[in-house]
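Below, each chain spelled out in residue letters.
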Amino acid sequence: MGVVATNVLNDRPLRLSATHSYAVAELVDVLAVGEDSAALTFEYMAECCSTAMLTSTLKGIAADESRHQLWLARLKQALPEPAPDVALRRLLHRFFARLADRDMRVHLVRIVALDSAVCQLLGALQSAGTPVSKDARTSSVLRAIQRDEARHVALARRSAVPLVYTARGKELMAEVREGLAHVLTFRAAAFDALRVDPDRLLARLRRLARNGLAK
Ligand SMILES: [Fe+2]
Ligand SMILES: [Fe+2]
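Residues numbered from 1 in each chain as written. Chains lettered and ligands numbered in written order. Predicted model: local features only at pLDDT ≥ 70, side-chain atom pairs only at ≥ 80, totals over all residues.

### Focus on the overall build of the protein chain
- Across its full length, the protein chain carries 9 helices and 0 strands.
- Reading the protein chain from its N terminus to its C terminus gives the helix and strand order α-α-α-α-α-α-α-α-α.
- Against the globule reference of 17 Å for 215 residues, the protein chain gives a C-alpha radius of gyration of 17 Å, in line with a compact fold.
- Over its C-alpha atoms, taken along the principal directions, the protein chain stretches across nearly 50 × 35 × 35 Å.
- A burial count over the protein chain gives 39% of its 215 residues as buried. (Helix = DSSP H or I, 4+ residues; strand = E, 2+ residues; numbered from the N terminus. Rg over C-alpha atoms; globule rule 2.2 N^0.38 Å. Buried ≥ 20, exposed ≤ 12 C-beta atoms within 10 Å, placed from the backbone.)

### Comments concerning helix α3 (residues 52–77)
- Between the first and last C-alpha of α3 there are 38 Å, a value that for 26 residues agrees with the 38 Å anticipated at 1.5 Å per step.
- Along α3, the residues that are buried comprise Thr-57, Leu-58, Ile-61, Ala-62, Asp-64, Glu-65, Arg-67, His-68, Trp-71, Leu-72 and Leu-75. (Expected span 1.5 Å × (residues − 1).)

### Comments concerning the packing of helix α5 (residues 104–125) against helix α6 (residues 136–159)
- Between α5 and α6, the shortest axis-to-axis distance is 8 Å and the interhelical angle comes to 155°. Taken together, the axis directions place α5 and α6 in an arrangement best described as roughly antiparallel. By crossing handedness, the relation of α5 to α6 is classed as left-handed. Counted together, Leu-108, Ile-111, Val-112, Asp-115, Ser-116, Val-118, Cys-119, Leu-122, Gly-123 and Leu-125 of α5 and Leu-142, Ile-145, Gln-146, Glu-149, Ala-150, His-152, Val-153, Ala-156, Arg-157 and Ser-159 of α6 form the full contact between these two elements.
- Here the contact of α5 with α6 is composed, by residue class, of 12 nonpolar, 5 polar and 3 charged. (Axes fitted to C-alpha atoms, helices over the stretch in contact; angles between N-to-C directions. Parallel < 35°, antiparallel > 145°, perpendicular 65-115°, else oblique. Left-handed = near helix turned anticlockwise from the far one by under 90°. Contact = placed C-beta atoms within 7 Å. Nonpolar A, V, L, I, M, F, W, Y, C, P; charged D, E, K, R; others polar.)

### Examining the environment of Ala-156
- Here Ala-156 lies in helix α6.
- Taking C-alpha positions, Ala-156 is 12 Å from Met-45, a pair spaced 111 residues apart along the chain.
- Excluding residues that lie within four positions of it along the chain, Ala-156 makes contacts with Leu-108, Ile-111, Val-112 and Asp-115.

### A word on the environment of Ala-18
- Counting through the fold element by element, Ala-18 comes out in helix α2 (residues 18–48).
- As a C-alpha pair, Ala-18 and Leu-79 span 61 residues in sequence and 9.3 Å in three-dimensional space.

### Here's the deal with the nonpolar core
- Ranked by size, the top nonpolar core spans 54 residues in total, and within it Val-24, Val-109, Val-112, Leu-114 and Leu-194 carry the most contacts.
- For this core, the elements supplying multiple residues, two or more each, are α2, α3, α4 (86–97), α5, α6, α7 (167–184), α8 (188–193) and α9 (198–211).
- It is α5 that contributes the most residues to this core, 11 residues altogether.
- When neighbours within four sequence positions are excluded, Leu-114 is seen to be in contact with Leu-99, Val-176 and Leu-180. (Core = buried A, V, L, I, M, F, W, Y, C linked by C-beta atoms within 7 Å.)

### Brief notes about α7
- With 18 residues, α7 should cover 26 Å at 1.5 Å per step; its first-to-last C-alpha distance of 26 Å lies within 8% of that length.
- Within α7, the full set of buried residues consists of Gly-169, Leu-172, Met-173, Val-176, Arg-177, Gly-179, Leu-180 and Ala-181.

### Comments concerning unusual backbone geometry
- Between Val-161 and Pro-162 the backbone carries a cis peptide bond, its omega angle lying at 5°.
- At Arg-195, a residue that is not glycine, the phi angle is positive and equals roughly 60°.
- Turning to its location among the elements, Arg-195 is positioned in the loop between α8 and α9.

### Side note on the confidence of the model for the protein chain
- Looking at the protein chain as a whole, its pLDDT mean stands at 91, while 93% of the residues score no less than 70.
- Mean pLDDT across the elements of the protein chain ranges from a minimum in helix α1 (residues 2–8), with 56, to a maximum in α8, with 98. (pLDDT = per-residue confidence, 0-100.)

### Description of the environment of Asp-64
- You can see Asp-64 is positioned in helix α3.
- Take Asp-64: there are 23 C-beta atoms within 10 Å of it, and that puts it in the buried class.
- Each C-alpha atom of the pair Asp-64 and Phe-42 lies 9.9 Å from the other, and the pair is 22 residues apart in sequence.
- Discounting residues that sit within four places of it in the chain, Asp-64 has contacts with Asp-148 and His-152.

See the structure below:
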């Protein structure tokens, strides 16, 4: 973990044009809202949890999310400030607040849907030939986050059995995917600027939402 953190926290200059920097800044801004919310949520869940094994899993995820907050905050310092968008911010806060549920398994099923979607969009941003793939600093941060999120998907899925494989579980995941795709339409231009076709990306998220996630 120490090696990853050292690489991710490097301060090498960005190799992005002004347009690409601005697009990255807009997307990092959205990701950062998610990480802030996730860090708080998982700490709270770990405190409320009655099972020792699940508590340690949740604490581990909370620690990852706090690290992601730090990495994104450092990256933000090198990026331009995106124009304030009150409507989007309100929508994001509402979206993340709605992930929580008294039933921990419901919440974890939603995390499976959300974190797997985040893995997909981070992967798309780093596809061969994209501006992000050519910028070592941005891609090292996004890659490290993606790796952790993939682990969160596996951990949350394991902790949410059997609900995650039921029709109700698929319905919960579909709602999250649809909600996320809707929020991301507000940042379609940023994806476009970074050579990620927003229509294809969002259609992919929605398609998975309809079909449920592979085991
Ligand atoms: Fe995260
Ligand atoms: Fe996560």
